[in-house]
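One letter stands for each residue in the lines below.
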Amino acid sequence: MGPVAADHFEQLYRADPDPWRVSSAWYERRKRRLLLAALGRQRYRHAFEPGCGAGQLTQCLALRCARVSAADIAPAAAARCRARMAEKGLDHVDVLLLDLPRQWPAAPARGFDLIVLSEVGYYLDDAALARFLRGVDASLAPGGEIVACHWRPDFDDRLQPTDTLHAAIGALPGLTRRVHHEEAEFRLDLWRRQPQGSEP
């Protein structure tokens, strides 16, 4: 089975502007605050957020980052995220329509110093996940951080168990885990890549 198709997410967003209740559900609001609290720095130079959806987390990241590249596979989701950023005057956020991992954003010269993987990786089959993680690896800056947060219970669209997914992320070269938080509903991890010239 291949990665979950773009049409599936487009239909969800056309039927409901917030299909997972990201704005209203206490679980989502609490999880978002925990993710933001886990970040190791107050400010970041350039963050990448694949699977941005309607931009609820993107808006929060924009307050901590000089620049944000946010991407989604569904045109309706990207359009809602773009509208949210415009409404809030967050003109340092670029919202991209990308078929990840087949398409990948151009990383800044020094790489992204923050990559946020929230509720996105488990929609990828093994081949797509491997390609996705190659993109993450190639575009993460030395000293940069990856934060991953994923729902743990099973669901119909899931192609990767959350623990397997986080183990694959953590196996990328040069990463040290700095934060690990686990509950029945979700798992949150943050890794930092060793800066260039540092001892292994």
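Scroll up a little and you will see the structure.
Now for a quick tour of the structure. Please read all numbers here as calculations on a predicted model, not as lab measurements.

Definitions and cut-offs
- Residues numbered from 1 in each chain as written.
- Predicted model: local features only at pLDDT ≥ 70, side-chain atom pairs only at ≥ 80, totals over all residues.
- Heavy atoms only, no water.
- Helix = DSSP H or I, 4+ residues; strand = E, 2+ residues; numbered from the N terminus.
- Buried < 20%, exposed > 50% of the residue type's maximum accessible area, 1.4 Å probe, protein only.
- Contact = heavy atoms within 4.5 Å.
- Areas by Shrake-Rupley, 256 points an atom, 1.4 Å probe, with all protein chains shown as cover.
- Pairing = 2+ DSSP bridges.
- Axes fitted to C-alpha atoms, helices over the stretch in contact; angles between N-to-C directions.
- Expected span 1.5 Å × (residues − 1).
- Arc of directions from axis to C-beta.
- Phe/Tyr/Trp six-rings, centres within 6.5 Å; stacked < 30°, edge-to-face > 60°.

## A word on the overall build of the protein
Consideration 1: Within the protein, the regular secondary structure consists of six helices and seven strands.
Consideration 2: Put simply, the protein has 200 residues, and 49% of those count as buried.
Consideration 3: Sequence-distant contacts in the protein: of pairs separated by 6 or more residues, those separated by 24 or more amount to 68%.
Consideration 4: Of the accessible surface of the protein, which amounts to about 9500 Å², a share of 51% is contributed by carbon and sulfur atoms.

## Quick word on the sheet that holds strand β7 (residues 186-193)
Note: strands within a sheet are paired through backbone hydrogen bonds, in either parallel or antiparallel orientation.
Consideration 1: Spatially, seven strands are ordered β3-β2-β1-β4-β5-β7-β6 in an open sheet, and the strand pairing comes out mixed. At either end of the open sheet lies a strand with only one pairing partner, and these are β3 (93-97) and β6 (175-182). When strand polarity is set aside, the average angle formed by the axes of neighbouring strands in this sheet is 15°.
Consideration 2: Here strand β1 (residues 44-50) pairs with strand β2 (residues 65-72) via six bridges, running parallel. Bridged to H46 within β2 is R67.
Consideration 3: Against the sheet, helix α2 (residues 26-38) touches β4 (112-118), β5 (140-151), β6 and β7, its axis set at about 20° to β7.
Consideration 4: The strands touched by helix α6 (residues 162-170) within the sheet are β4, β5, β6 and β7, with β5 carrying the most contacts at an inclination of about 175°.

## Thoughts on helix α5 (residues 126-139)
Consideration 1: An ideal rise of 1.5 Å per residue puts 20 Å on 14 residues; α5 measures up with 20 Å between its terminal C-alpha atoms.
Consideration 2: Of the positions making up α5, those classed as buried are A128, L129, F132, L133, G135, V136 and S139. Each buried residue of α5 lies within a common arc of 155° when the element is viewed along its axis, so the set occupies one face. Exposed residues lying more than 90 degrees from the buried face of α5 are D126, A127, R134 and A138.
Consideration 3: Tucked inside the fold, the buried residues of α5 contact β1, β4, β5 and α6.

## Concerning the packing of aromatic side chains
Consideration 1: On inspection of all chains with the given rule, the structure shows eight aromatic pairs.
Consideration 2: Aromatic side chains Y27 and F186 sit 5.9 Å apart centroid to centroid with 70° between the ring planes, which places their arrangement in the edge-to-face category. On the criterion of sequence distance, the pair formed by Y27 in helix α2 and F186 in strand β7 is long-range, its members being 159 residues apart. Here the two residues Y27 and F186 agree in accessibility, since each one is buried.
Consideration 3: Ring geometry for Y122 and F155: centres 4.9 Å apart, planes at 75°, overall edge-to-face. Taken as a pair, Y122 in the loop between β4 and α5 and F155 in the loop between β5 and α6 lie far apart in primary sequence, 33 residues in all.

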